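# Structure assessment
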Amino acid sequence: LLATSMPLVVYGLSEIATKESFTAPPVVWPLVAGLLLTVAFGWHALRASRPLLDVRLYANRIFSAASLTTFGLGAALFGAMILVPLYYQQVRGESVIVTGLLTGPQGLGMLLVAPWIARMTDRFGGGRVAVVGVSLLTLSSLPLCFIGPDTSIAFISVTLLIRGVGIGLSFIPVTTVAFASLRTDQLSDATPQMNVLQRVGGASGTAVLAVVLQRASAGVHGPAELADAFGTAYWWALGICAASIIPVLVLLRAEGPREAPPTPAAAKEIEIAEEFVEPLGA
């Protein structure tokens, strides 16, 4: 049920590019069929004693909010990722290899913050770190909305570097918080669900932005007009990033306030208590 529903939803979204209306039958019927199959899967999973994916995990508020955040981030990240290579190749006329190298700063940004993410998540909480990450991702998407045929490649690279930092501060803390809220025996069900949501979100975001770019670039002439079409697509990408802030705020609220670190006196009392209890446990 689920393996059929997701391709139908993505197919319906991608058909918008070739149809005159959002209500055209090739668009509507795959979307409706996909959603109905998803509901049928949820109904079956709730009744089965050992379902393929345990949807009961969504009763956990933290996991539910983290899952919704993962879906939104997948759409924001993977959807926007198709625009940069296409811009470099179609507007700037770069080769495939040069294009690949020019998209590297985004991965470099993720690499730069990776060693610090776990420490920041432990100290401030995954929700707070993710809010900063998504906000950074959204703000760094704004300059790309005004991209032109002669925009400095160095400027684009710096923007991608900042986007990479935002991506790193978004995905990893959300996943950490989601798994930390579950029992050990639930992780085998939670892991594939998070992966599915991320990939479905990415496929949906890619389909939407591809449709926007295709419609905006229809009938354009010259690099300047084509660059304007990419700017229109980036405005949509910015909107998807901004919408992702909502589930992150829900996650922040579900996670609750962080406990204040103990005072030196309290820490000393805890240390003495642990020294007293440890021999008893042994």
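Each chain carries its own residue numbering, running from 1 in the written order of its sequence. Confidence filtering applies because this is a predicted model: local features only for residues at pLDDT of at least 70, side-chain atom pairs given and counted only at 80 or more, and all residues used for totals across whole chains, interfaces and linings. Water and hydrogen atoms play no part in the side-chain values, which are based on all heavy atoms of the structure.

## Some points on the overall build of the protein
Scanning the protein from N- to C-terminus turns up 11 helices and zero strands. The cut-offs for exposure are 20% and 50% of the maximum accessible area for each residue type, with area from a 1.4 Å probe on protein chains only; residues under the lower value are buried, those over the upper are exposed, and the others partly exposed. When burial is assessed residue by residue, the protein has 42% of its 282 residues classed as buried. Two residues form a contact once any of their heavy atoms are found within 4.5 Å. In the protein, the proportion of contacts linking residues at least 24 apart, taken out of those at least 6 apart, comes to 78%. Computed with a 1.4 Å probe, the accessible areas rest on the Shrake-Rupley method; for each residue, only the protein chains presented here act as cover. As displayed, the protein offers around 15,000 Å² of accessible surface, 69% of which is attributable to carbon and sulfur atoms. Segments assigned H or I by DSSP are reported as helices when at least four residues long, segments assigned E as strands when at least two residues long, and all are numbered from the N terminus.

## Section: a nonpolar patch on the surface
Patch criteria: residues need more than 30% relative accessible area and no salt bridge. Like-charged residues are merged within 9 Å; nonpolar side chains of Val, Leu, Ile, Met, Phe, Trp and Tyr are merged within 5 Å. Every case where a carboxyl oxygen of Asp or Glu lies within 4 Å of a side-chain nitrogen of Lys or Arg is listed as a salt bridge. Side chains of L142, F146, W235 and W236 sit close together on the surface and give an oily, nonpolar patch of about 470 Å² of accessible area. Relative to the helices and strands, W235 resides in helix α10 (residues 222-255). With a relative accessible area of 41%, W235 lands in the partly exposed category.

## Digging into helix α8 (residues 153-180)
A helix's residues, less one, multiplied by 1.5 Å, set its expected span. For α8, with 28 residues, the first-to-last C-alpha span of 41 Å sits near the 40 Å given by 1.5 Å per residue. Polar contacts, as counted here, are pairs of nitrogen or oxygen atoms within 3.5 Å of one another; within protein the pair requires one atom able to donate a hydrogen and one able to accept it, and residues that are adjacent in sequence qualify only if both atoms are side-chain atoms. Where α8 begins, one side-chain oxygen reaches toward the backbone nitrogen of A154, 3.3 Å away; that side chain belongs to S152.

## Regarding the packing of aromatic side chains
When two rings of Phe, Tyr or Trp (its six-membered ring) have centres within 6.5 Å they constitute a pair, described as stacked for plane angles under 30 degrees, edge-to-face for angles over 60, and tilted for the intermediate range. Scanning the entire structure with this criterion turns up four aromatic pairs. Judged by centre distance (5.9 Å) and plane angle (80°), the rings of Y87 and F230 are edge-to-face. Here Y87, found in helix α4 (residues 83-90), pairs with F230, found in helix α10; they are 143 residues apart in sequence, far enough to count as distant. Here Y87 and F230 have matching classes, each one buried. An aromatic cluster of three or more residues is present, and its members are Y87, Y88 and F230.

## A look at the side chain of S244
Following the sequence through the fold, S244 ends up in helix α10. Looking at S244, the relative accessible area reads 2%, which means it is buried. Excluding residues that lie within four positions of it along the chain, S244 makes contacts with G72, L73, A76 and V134.

## Description of the confidence of the model for the protein
Confidence in the prediction for the protein averages 83 pLDDT; 89% of positions are at 70 or higher. Taken element by element, the predicted model of the protein shows its lowest mean pLDDT in helix α11 (residues 264-281) (45) and its highest in helix α5 (residues 96-102) (93). Note on residues 259-263: pLDDT is under 50 here. Beyond four places in sequence and across chains, it has two contacts. Each residue carries a pLDDT score, the predictor's confidence in it, ranging from 0 to 100. Every residue in residues 272-282 scores below 50 in pLDDT, and together they form zero contacts with partners more than four places removed in sequence or on other chains.

## Notes on the state of the cysteines
Disulfides are defined as pairs of cysteine sulfur atoms found within 2.5 Å of each other. The full count for this structure, using the stated rule, is zero disulfides. Left without a disulfide partner, C145 is nearest to the cysteine sulfur of C241, which lies 9.2 Å away. Here C145 falls in the buried class, since its relative accessible area comes to 6%.

## A word on the environment of I156
Relative to the assigned elements, I156 resides in helix α8. According to the relative accessible area criterion, I156 is buried, its value standing at 2%. C-alpha separation for the pair I156 and P105, spaced 51 residues apart in sequence, amounts to 9.3 Å.

## Describing the side chain of T69
Looking at the secondary structure, you find T69 in helix α3 (residues 61-81). When its relative accessible area of 0% is taken as the criterion, T69 is described as buried. Ignoring sequence-local partners within four residues, the contact set of T69 consists of V174, P247, V248 and L251.

## Considerations on the packing of helix α6 (residues 104-124) against helix α7 (residues 126-141)
Any two packed helices are characterised by how steeply their axes cross, that is the angle between the axes, and by the distance between the axes. Two elements in contact, α6 and α7, have axes whose closest approach is 7 Å; the angle formed by their N-to-C orientations is 120°. The orientation of α6 with respect to α7, classified from their angle, is oblique. Between α6 and α7, the contacting residues are M120, T121 and F124 on the first element and G126, R128 and V129 on the second. Gly falls in the polar group here, along with every residue not listed as nonpolar (Ala, Val, Leu, Ile, Met, Phe, Trp, Tyr, Cys, Pro) or charged (Asp, Glu, Lys, Arg). Partitioning the contact of α6 with α7 into residue classes produces three nonpolar, two polar and one charged. Convention adopted: a line fitted to C-alpha atoms gives each axis, helices being fitted over their contacting stretch, and angles between N-to-C directions are expressed from 0 to 180 degrees. The scheme is simple: roughly parallel for angles under 35 degrees, roughly antiparallel for over 145, roughly perpendicular for 65 to 115, oblique for anything else.

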